[in-house]
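One-letter residues, chain by chain:
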Amino acid sequence: MKERLSINSNLVVLAVLLVVAGLASPYFWTIENIVNLIRVTSLIGIIAVGMNVVIISGGIDLSVGSVVALVGTLAASLATAGYPLGIVVLVPIAAALVAGLVNGSLVALLGFQPFVATLVTMTVFRGSGLVYSAGQPIYADYPAFIAFLARGTFGGVPAPAVLFFAIVLVTWYVMRFRAIGRMIYMVGANEKAAYYGGVSVWRVKLFTYVYCAALAGIAGLILTARMGSGEPGQAGVLYELDAIAAVVIGGTALQGGRGSVWGALVGALVIGVMSNLFNLLGVAPEWQNVSKGAVILAAVIMAGAGPFIGAIFARRASNG
Amino acid sequence: MTMANMRAFISSQPIILVLIALVAVFTIVADGFADAANISNVLRQTSMLGIVAIGMSIVVLTGGIDLSVGAVVALATVLVAGIANTHPPILGINLALFAGAAVGFINGILIAGLHLQPIIVTVSTMAIVRGLAMWLSDSRPIFGTLPKEFFQLAEGLIAGIPVPVIIFAVLAVATMLFLGNTRTGRAIYQIGGNEEAAVLSGIKVGATKVIAYTLCGTFAAVAGIILTARMQSGDAVRTGMGWELDAIAAVAVGGISLMGGRGHLVGAICGVLIIGFLANAFNLMGINPYWQRIVIGLVLAVAVVAYNERIHAFLLSRRRAQQPARGVPAPAE
């Protein structure tokens with residue numbers, strides 16, 4: 001019940017934003033713009049879905065932006081060196097999985113606090129990409145398949161959006177109906193209880209970080225395909241904060257144990273609509289910063305107020 | 001402090017040994033590292049991050065976090081440099097301090113009053129404050145008409161010690177006394193240790209948290225003021241970028257638990273010095289700056305391990321061989 005209420009309050013934020021956007025710019029509700037909006041949202045959305053899983057388990061992952069940059073750099077250099085498609089796709093994704101394994105091992109096996117572990121790997125992963133490419137962006141002429149990832153459409157729907165929605169569905173299914181998903185909620189809600197209940201806590205945690213890094217890797221491929229280059233220093237900077245904001249706007253508690261993938265979807269849409277609207281209106285970067293901060297705050301205040309309002313209604317109902 | 005006390009303190013703060021070891025190694029391998037001029041210069045540079053890290057430590061001890069400090073640093077540089085064009089600089093300094101305190105106060109009210117998550121509140125205020133600083137300065141650097149005396153704040157020496165280092169040391173000692181000897185200081189530890197217990201034992205949790213965030217914002221503004229004197233200009237876009245993460249890294253490396261309630265300010269100060277000395281020694285040795293990031297990350301990881309109880313337990317159990325060592329320890333208490 002609580003969960004439903006908080007999701008509703010975030011839908012309200014999204015709905016208000018959509019109405020405001022429509023009033024503020026006549027171009028907002030055009031097909032081209034909506035397609036573009038979905039395309040942009042998909043990127044941050046894919047990362048947010050992975051972040052959501054980590055946060056539900058009670059962790060956090062600050063290294064996703066660096067994984068995005070590392071994957072893009074690797075893919076661009078492999079494509080430029082003329083390797084076949086399979087290698088261009090699989091090696092960077094494998095690197096992302098390794099990054100996730102490192103994060104997961106630090107947290108689950110060595111007992112690092114997630115914030116500290118991923119703060120460290122954020123520096124290390126970005127540093128690795130910079131060392132690998134000597135700090136230079138790598139311009140790549142990608143094979144058709146990778147270019148399709150970013151620019152293609154399925155019957156008018158942008159390919160990244162289809163991918164995003166597929167990822168949302170798979171994650172929803174796993175979190176809701178598979179044992180591992182239920183264990184992720186248990187670990188986040190009460191780690192000790194989960195441990196004594198026979199859950200292999202370290203495996204569950206490891207899984208969440210690998211899953212999150214894998215999704216960040218997919219986002220990294222889409223981003224490098226869209227830019228036509230691998231940017232070890234610039235790509236993905238501050239993506240971790242956008243993803244965390246999307247997750248929190250979506251009503252997932254940072255303490256873990258609660259939240260749903262649909263919330264992350266709504267949160268990513270809120271972030272996406274905001275940045276799209278800023279572009280349409282030509283808002284100066286300083287006001288983009290201010291309003292982004294304000295909308296995130298408004299969303300979490302409303303999410304916090306949701307259960308409070310619910311409690312008032314519940315009291316009224318029990319009185320009447 | 002007796003010798004035995006001293007030894008107990010150092011063994012509870014392994015980071016001190018890490019710092020001494022690093023300094024010893026750099027003295028040998030990096031030419032010019034141990035020169036008085038170089039050491040004095042590193043200390044001058046790191047004292048600003050150090051001041052931010054002191055404020056961050058206070059907030060982290062309550063179990064919170066403040067990501068807005070870098071933006072407050074930027075806002076302070078803009079206010080000081082911008083106002084100096086038309087008014088005496090003391091006005092800008094006061095305004096910057098007030099703005100820093102105000103941002104911290106708002107953070108504290110949102111977190112303690114509305115029970116919002118510290119990360120998300122301070123991410124929002126980070127965006128808002130940096131946006132305001134950009135708006136005030138039109139996103140351009142401000143080369144103000146700052147008077148020469150103001151630059152003494154960064155360049156001056158008192159008894160051979162750089163002024164920023166003195167400010168850093170004074171604030172550090174004052175904060176240690178505050179945390180150790182005042183009611184509010186002890187309350188900060190208690191809230192971080194067990195918030196519910198703190199509420200039940202009558203501690204004013206909300207007010208204490210607001211004080212912690214206000215101090216953190218004010219300290220960030222102090223760092224911003226010194227930074228303005230050092231750069232002789234203000235800049236909303238480039239100053240203080242990522243300082244929040246550097247400060248958190250220093251705090252965590254120094255053994256202050258991000259869950260709150262445990263740790264000593266001395267650890268955070270050693271953490272800041274380690275970060276400063278590493279960067280300086282790497283520059284002296286001509287190490288590629290991209291490698292620096294990786295090595296700094298690894299050193300941070302090692303320092304965190306030095307504080308990790310589970311790893312201590314793991315190593316001890318190996319050494320004593322009383323029990324077969326388990327690769328997968330139980331979750332922490």
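Parameters at a glance
- Residues numbered from 1 in each chain as written.
- Chains lettered and ligands numbered in written order.
- Predicted model: local features only at pLDDT ≥ 70, side-chain atom pairs only at ≥ 80, totals over all residues.
- UniProt positions renumbered as here; feature names shortened; annotations may be inferred.
- Helix = DSSP H or I, 4+ residues; strand = E, 2+ residues; numbered from the N terminus.
- Rg over C-alpha atoms; globule rule 2.2 N^0.38 Å.
- Buried ≥ 20, exposed ≤ 12 C-beta atoms within 10 Å, placed from the backbone.
- Contact = placed C-beta atoms within 7 Å.
- Nonpolar A, V, L, I, M, F, W, Y, C, P; charged D, E, K, R; others polar.
- Axes fitted to C-alpha atoms, helices over the stretch in contact; angles between N-to-C directions.
- Parallel < 35°, antiparallel > 145°, perpendicular 65-115°, else oblique.
- pLDDT = per-residue confidence, 0-100.
- Expected span 1.5 Å × (residues − 1).
- Left-handed = near helix turned anticlockwise from the far one by under 90°.

Naming follows an unreviewed UniProt entry, where chain A appears as ABC transporter permease of Shinella lacus. You can read under Subcellular location (unreviewed entry) in the UniProt record for chain A the words "Cell membrane".

Draft legend 1. Quick look at the overall build of chain A. Secondary structure assignment for chain A yields 13 helices and four strands. A globule of 320 residues ought to have a C-alpha radius of gyration of about 20 Å, and chain A, at 20 Å, matches this closely. Reported as C-alpha extents along the three principal axes, the dimensions of chain A are approximately 75 × 55 × 35 Å. The buried share of chain A, taken over its 320 residues, is 54%. Restricting the contact set of chain A to residue pairs at least 6 apart, pairs at least 24 apart contribute 81%.

Draft legend 2. Layout of the overall build of chain B. Summing up its helical and strand segments, chain B has 15 helices and two strands in all. Along the longest, intermediate and shortest principal axes, the C-alpha atoms of chain B span 75 × 55 × 40 Å. A total of 333 residues make up chain B; the buried ones form 49% of that total. Taking as baseline every contact in chain B between residues at least 6 positions apart, the subset at least 24 positions apart corresponds to 77%.

Draft legend 3. Spotlight on the interface of chain A and chain B. Taken together, the 40 residues of chain A in the interface contact 42 residues of chain B. Among the elements of the structure, α5 (114–132), α9 (191–196), α10 (201–227), α11 (239–249) and α13 (285–319) of chain A are those that each provide at least two residues to the side of chain A that touches chain B. It is α13(A) that provides the largest number of residues to the side of chain A that touches chain B, a total of 13 residues. Along the lines of polarity and charge, the residues of the side of chain A that touches chain B split into 26 nonpolar, nine polar and five charged.

Draft legend 4. View of unusual backbone geometry. A positive phi angle, close to 55°, is found at A:A134, a residue other than glycine. Here A:A134 lies in the loop between α5 and β1 (138–139). Judged by the 10 C-beta atoms lying within 10 Å of it, A:A134 is exposed. At B:Q232, a residue that is not glycine, the phi angle is positive and equals roughly 55°.

Draft legend 5. Molecular detail of the packing of helix α9 (residues 183–193) of chain B against helix α11 (residues 205–231) of chain B. Residues and elements named next belong to chain B. Packing of α9 against α11 brings their axes to within 10 Å, and their N-to-C directions diverge by 105°. Of the possible angle classes, the one that applies to α9 and α11 is roughly perpendicular. Residues T184, A187, I188 and I191 of α9 touch α11, and the partners they reach there are V205, T208, K209, I211 and A212. A per-class count over the contact of α9 with α11 returns six nonpolar, two polar and one charged.

Draft legend 6. Spatial organisation of the confidence of the model for chain A. All names here are of chain A. Across chain A, the average pLDDT comes to 87, with 92% of residues at or above 70. When pLDDT is averaged over each element of chain A, α10 comes out on top at 95 and α13 at the bottom at 70. The low-confidence segment residues 1–6, where pLDDT is below 50, has 10 contacts with residues more than four positions distant or belonging to other chains.

Draft legend 7. Up close: helix α2 (residues 31–56) of chain A. All names here are of chain A. With 26 residues, α2 extends 35 Å from end C-alpha to end C-alpha; this agrees with the ideal 38 Å at 1.5 Å per step. Among the 26 residues that make up α2, 20 are buried, leaving the element largely enclosed by the rest of the structure. With its phi angle positive at about 95°, G58 sits one or two positions after the end of α2.

Draft legend 8. Inspection of the packing of helix α2 (residues 14–29) of chain B against helix α13 (residues 265–284) of chain B at higher detail. All names here are of chain B. It is the contact of α2 with α13, at a shortest axis distance of 9 Å, that shows an interaxial angle of 20°. In terms of orientation, α2 lies roughly parallel with respect to α13. Crossing hand, α2 versus α13: left-handed. Across the interface between the two elements, I15, I16, V18, L19, L22, V23 and F26 of α2 pack against G267, C270, G271, L273, I274, F277 and A281 of α13.

Draft legend 9. Structural context of the confidence of the model for chain B. Averaged over all residues, the pLDDT of chain B is 86; the fraction at 70 or higher stands at 91%. The weakest mean pLDDT in chain B belongs to helix α15 (residues 309–320) of chain B at 61; the strongest belongs to α11(B) at 95.

Draft legend 10. Structural view of the environment of A:A294. All names here are of chain A. Mapped onto the fold, A294 is located in helix α13. For A294, a count of 17 C-beta atoms within 10 Å corresponds to the partly exposed category. Placed 252 residues apart in sequence, A294 and S42 show a C-alpha to C-alpha distance of 22 Å.

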